[in-house]
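The residues making up each chain are set out below.
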Amino acid sequence: MSISLSNISKSYKKVKAVQDISFDVEPGELFGLIGPDGAGKTTIFRILTTLLIPDEGTATVAGFDVVEDYKAIRNAVGYMPGRFSLYQDLTVEENLTFFATIFGTTIEENYDLIEDIYVQIEPFKDRRAGKLSGGMKQKLALCCALIHKPKVLFLDEPTTGVDPVSRKEFWEMLKRLQKKGITILVSTPYMDEAALCDRIALIQDGEILDIDTPKAIVSKFPKTIYNVGANNMYKLIQALQSYKHLYSVFPFGEFVHYTDKRDSFQIADLKSYLQNKGLANISIEAAQPNIEDAFMELAK
Ligand SMILES: Nc1ncnc2c1ncn2[C@@H]1O[C@H](COP(=O)(O)OP(=O)(O)OP(=O)(O)O)[C@@H](O)[C@H]1O
């Protein structure tokens, strides 16, 4: 296994940040940690990158124990923390040279690994990191995390606050790095990105809700989902919340996702109920569940 956690727990005084977590990541896998703010994702990254010592349990990365072999792990992994790790007053090139130097290597030695990414920021190599756009900072931070050719790459919310085009490009880069044999553990709050991972762990309040392929997680969703729309979103949600057959409702873009308690659900019944509540332009259609639906169901 490239990454293995066995019954890991960590508390900050009274806050149980991570509780009895176990999972394995296979060599070459792109594995996602999916969960809301405060779920414990950063704590897991910090334990695996040897910056925090767990209270209980054991973990290994690239075959090394996170406590006993911390020095070996630091050479074997790349870590892109959630908040940018760059030196804002150093230029693009200076940042990269700095990270290469502390790992005893040079930009030239491992250039093949970062080339695809670096060519996109090379025109700005004399610009200070603090003056780069969000997408460019993220590419530079990725180059810095890769410059010593790590076996395992840890990316904590790498696309938070990045525009949709750069997000898409970033995931294409991750897929290319994966093809080069690098194992990747990535966290994201974006459910569309979760679907791009080989497997994901859904995390809430420091506990794992489920671990599986995105497809399998979605296929376990127990209900039929309906996309419901109407002329007034706020009133629509209120009306659905007071419907006696409601199982779940939550906003989803311009619609709400609704599930019903009954097996014998009829669209026409719900439509007339909503009309009686004064709503108009009502649309109700069966829809495919997605990872967000699965998460909400498991988090109940
Ligand atoms: N240094 C700390 N001292 C006290 N509590 C902490 C500390 N770091 C994290 N926590 C708490 O531990 C819990 C897990 O935090 P963690 O940062 O691991 O979650 P996260 O999923 O990465 O969320 P975020 O995206 O907000 O960082 C939260 O309740 C958080 O408030």
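Every chain is numbered on its own, with residues counted from 1 as its sequence reads. Where local features are concerned, this predicted model is filtered to residues with pLDDT of at least 70; where side-chain atom pairs are given and counted, the filter is 80 or more; whole-chain, interface and lining totals use all residues.

- In the annotation of an unreviewed UniProt entry, the entry for the protein chain reads ABC transporter ATP-binding protein, and the organism field reads Aequorivita antarctica.
- You can read under Sequence similarities (unreviewed entry) in the UniProt record for the protein chain the words "Belongs to the ABC transporter superfamily." UniProt positions are given in the numbering used here, feature names are shortened, and annotations may be inferred rather than shown by experiment.

1. Concerning the pairing of strand E3 (residues 30-34)
- Think of it as a crowd count around each C-beta: if 20 or more other C-beta atoms lie within 10 Å the residue is buried, if 12 or fewer it is exposed, and in between it is partly exposed, with C-beta placed from the backbone throughout. A helix here means a DSSP run of H or I that spans at least four residues, while a strand means a run of E at least two residues long, and both kinds are numbered starting from the N terminus. Most of E3 sits inside the fold, with 5 of its 5 residues counted as buried.
- A two-sided burial pattern is seen for E3, the buried positions comprising Leu30, Gly32 and Ile34 on one face and Phe31 and Leu33 on the other.
- Two strands are said to pair when DSSP picks up at least two bridges between them. Sheet topology note: the E3/strand E9 (residues 199-204) ladder contains 4 bridges and is parallel. Residue pairing in the sheet places phenylalanine 31 in a bridge with arginine 199 of E9.

2. Structural notes on the nonpolar core
- Defined on buried residues, the nonpolar core groups Ala, Val, Leu, Ile, Met, Phe, Trp, Tyr and Cys residues joined through C-beta atoms within 7 Å. Core analysis: the biggest nonpolar cluster contains 68 residues, and Leu48, Leu140, Cys143, Cys144, Phe154 and Ile184 have the highest contact counts within it.
- Residues in contact with cysteine 144, not counting those within four places in the same chain, are Ser85, Leu86, Asn95, Leu96 and Phe99.
- If you look at the next biggest cluster of nonpolar residues, it comprises 12 residues, including Ile225, Ala230, Val249 and Leu279. Two residues qualify as a contact pair if the distance between their C-beta atoms, derived from the backbone, is within 7 Å.

3. Remarks on the site of the ligand
- Lining the immediate environment of the ligand, one finds Tyr12, Val15, Ala17, Gly35, Asp37, Gly38, Ala39, Gly40, Lys41, Thr42 and Thr43.
- Contributing elements (two or more residues each) for the shell around the ligand: strand E2 (15-25) and helix H1 (41-48).
- In terms of residue count, the dominant contributor to the shell around the ligand is H1 (3 residues).
- Three classes are used, and their members are as follows: Ala, Val, Leu, Ile, Met, Phe, Trp, Tyr, Cys and Pro are nonpolar, Asp, Glu, Lys and Arg are charged, and the others, Gly among them, are polar. Tallied by class, residues from the shell around the ligand come to 4 nonpolar, 5 polar and 2 charged. Proximity of a residue to a molecule or strand is defined by its backbone-placed C-beta atom lying within 6 Å of that partner.

4. Structural notes on the sheet that holds strand E13 (residues 255-260)
- Spatial strand order, E12-E13-E11-E14: 4 strands in an open sheet with antiparallel pairing. Sheet topology places strand E12 (246-252) and strand E14 (283-287) at the edges, where each strand pairs with a single neighbour. Between one strand axis and the next, the sheet turns through 25° on average, direction left out of account.
- As judged from the 5 bridges shared by strand E11 (residues 225-229) and E14, these two strands associate in the antiparallel manner. Across the sheet, residue valine 228 finds its bridge partner in E14, namely isoleucine 284.
- Packing of helix H9 (residues 233-241) onto the sheet brings it into contact with E11, E12 and E13, and relative to E12 it is tilted by some 165°. The angle between two axes is taken between their N-to-C directions and runs from 0 to 180 degrees, where each axis is a line fitted to C-alpha atoms and a helix contributes only its stretch in contact.

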